[in-house]
Amino acid sequence: MLILAVLASGSGSNFQSIIDNIESGYLDARVAVLITDNPGAGAIKRAKKHNIDHIVVKPKDFKDRPSYNSHIAKELKKRGIELVVLAGFMRIVDKLLINQYPNRIMNIHPALLPSFPGAHAQKQAVDYGVKISGCTVHFIDQGIDTGPIIVQAAVPAYHDDDEESLGKRILKQEHRIYPYAIKLYSEGRISIEGRNVIITGEREDSPLQNPPH
Ligand code: GRF
């Protein structure tokens, strides 16, 4: 069973989809801890409801980013975390944490990377006028949304979409592909060559071909 930590700052709907997929038996994993920087995060309620340990780590309690990250690193180590799942975590993960968990920190981004990295990806897509957008699960490296891509899903973008309507359509796909990416990892089906993520049996169960569940 894969031991996960989820880091989230907001409502935590991706966190919820991970919980649901564990509870349904789709994912052979356990969330050992939710870590948040936001005492008001909706994700905390979800953790409580499902008896998942949570901790609030506020950046303002630390003198700088390295000491903040090193505190998180200690919390992860203490719990034997095998995979770190960023799910709407609004803080930059620094090299200390990345070096402790090389290619073991995943993130989900609400755009088809490398288009529209950074904040407000859905708004960037609407403003640009693209006709297809989507979401990307990737490993974290030291850039902003630049790490090796694990899974992507596409959605249509329409001329009358706004950030919210497009965001909702994308979020539905996020809830499909994040559990799928974690499952691939837990089944040992992922290896990395340069920035190419190699997935065993990718053609057979790609979420682009078959909804995974
Ligand atoms: C998602 O759109 C995710 O792609 C982005 O932050 C948002 C988090 O949403 N990184 P939620 O808190 O999981 O509902």
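One can find the structure itself at the top, above this paragraph.
Here is what the cut-offs are and how they apply
- Residue positions are counted from 1 within each chain, in the order its sequence is given.
- Confidence filtering applies because this is a predicted model: local features only for residues at pLDDT of at least 70, side-chain atom pairs given and counted only at 80 or more, and all residues used for totals across whole chains, interfaces and linings.
- To obtain the side-chain values, all non-hydrogen atoms of the structure were used and water was disregarded.
- A run of H or I in DSSP becomes a helix once it reaches four residues, and a run of E becomes a strand once it reaches two; helices and strands are each numbered from the N terminus.
- Using C-alpha atoms as the atom set, the radius of gyration is obtained and then compared with a globule rule of 2.2 Å times the number of residues to the power 0.38.
- Classification of residues uses two cut-offs on accessible area relative to the type maximum, computed with a 1.4 Å probe and protein chains only: under 20% is buried, over 50% is exposed, and between them is partly exposed.
- What makes two residues a contact is simply this: any of their non-hydrogen atoms within 4.5 Å.
- Here the Shrake-Rupley method, with its probe set to 1.4 Å, supplies the accessible areas, and only the displayed protein chains count as covering residues.
- When DSSP finds two or more bridges between a pair of strands, those strands are recorded as paired.
- Whenever a helix is involved, its axis is fitted only over the stretch in contact; in every case the axis is a line through C-alpha atoms, and angles between N-to-C directions fall within 0 to 180 degrees.
- For this analysis, a nonpolar core means a set of buried residues of the types Ala, Val, Leu, Ile, Met, Phe, Trp, Tyr and Cys, connected via side-chain atoms within 4.5 Å.
- What fixes the domain bounds is an automatic or database domain assignment.

1. Side note on the overall build of the protein
Regarding its fold elements, the protein presents 7 helices and 9 strands. Taking 213 residues into account, the globule formula puts the C-alpha radius of gyration at 17 Å, and the protein, at 17 Å, falls close to it. Along the longest, intermediate and shortest principal axes, the C-alpha atoms of the protein span 45 × 35 × 35 Å. Expressed as a percentage of its 213 residues, the buried residues of the protein come to 48%. Considering only contacts in the protein between residues 6 or more positions apart, those separated by 24 or more positions represent 64%. A total of about 10600 Å² of accessible surface is found on the protein, and carbon and sulfur atoms cover 51% of it.

2. Notes on the sheet that holds strand β7 (residues 149–156)
Here we have 7 strands laid out as an open sheet, ordered β3-β2-β1-β4-β5-β6-β7, and mixed in their pairing. Taken across any chain shown, the strands that pair with only one partner, and hence form the sheet edges, are β3 (54–56) and β7. Across the sheet, the mean angle separating the axes of adjacent strands is 20° when strand polarity is ignored. Pairing analysis gives 3 bridges linking strand β4 (residues 83–86) to strand β5 (residues 105–109), with the strands arranged parallel. Across the sheet, Leu 86 pairs through a bridge with Asn 107, a residue of β5.

3. Thoughts on the nonpolar core
Core analysis: the biggest nonpolar cluster contains 46 residues, and Leu 4, Phe 15, Ile 18, Met 106, Ile 150, Tyr 178 and Ile 182 have the highest contact counts within it. When residues of this core are assigned to their parent elements, the largest contribution, 9 residues, is made by helix α6 (residues 163–186). Taken domain by domain, the makeup of this core includes at least three residues from each of domain 1 (1–101) and domain 2 (108–213). If you look at the next biggest cluster of nonpolar residues, it comprises 22 residues, including Ala 32, Val 33, Tyr 68 and Ile 81.

4. Structural notes on the pairing of strand β6 (residues 132–139)
Burial analysis of β6 places 7 of its 8 residues in the buried class, which makes it a mostly covered element. The pairing of β5 with β6 spans 4 bridges and is antiparallel. Bridge pairing in β6 places Asn 107 opposite His 138.

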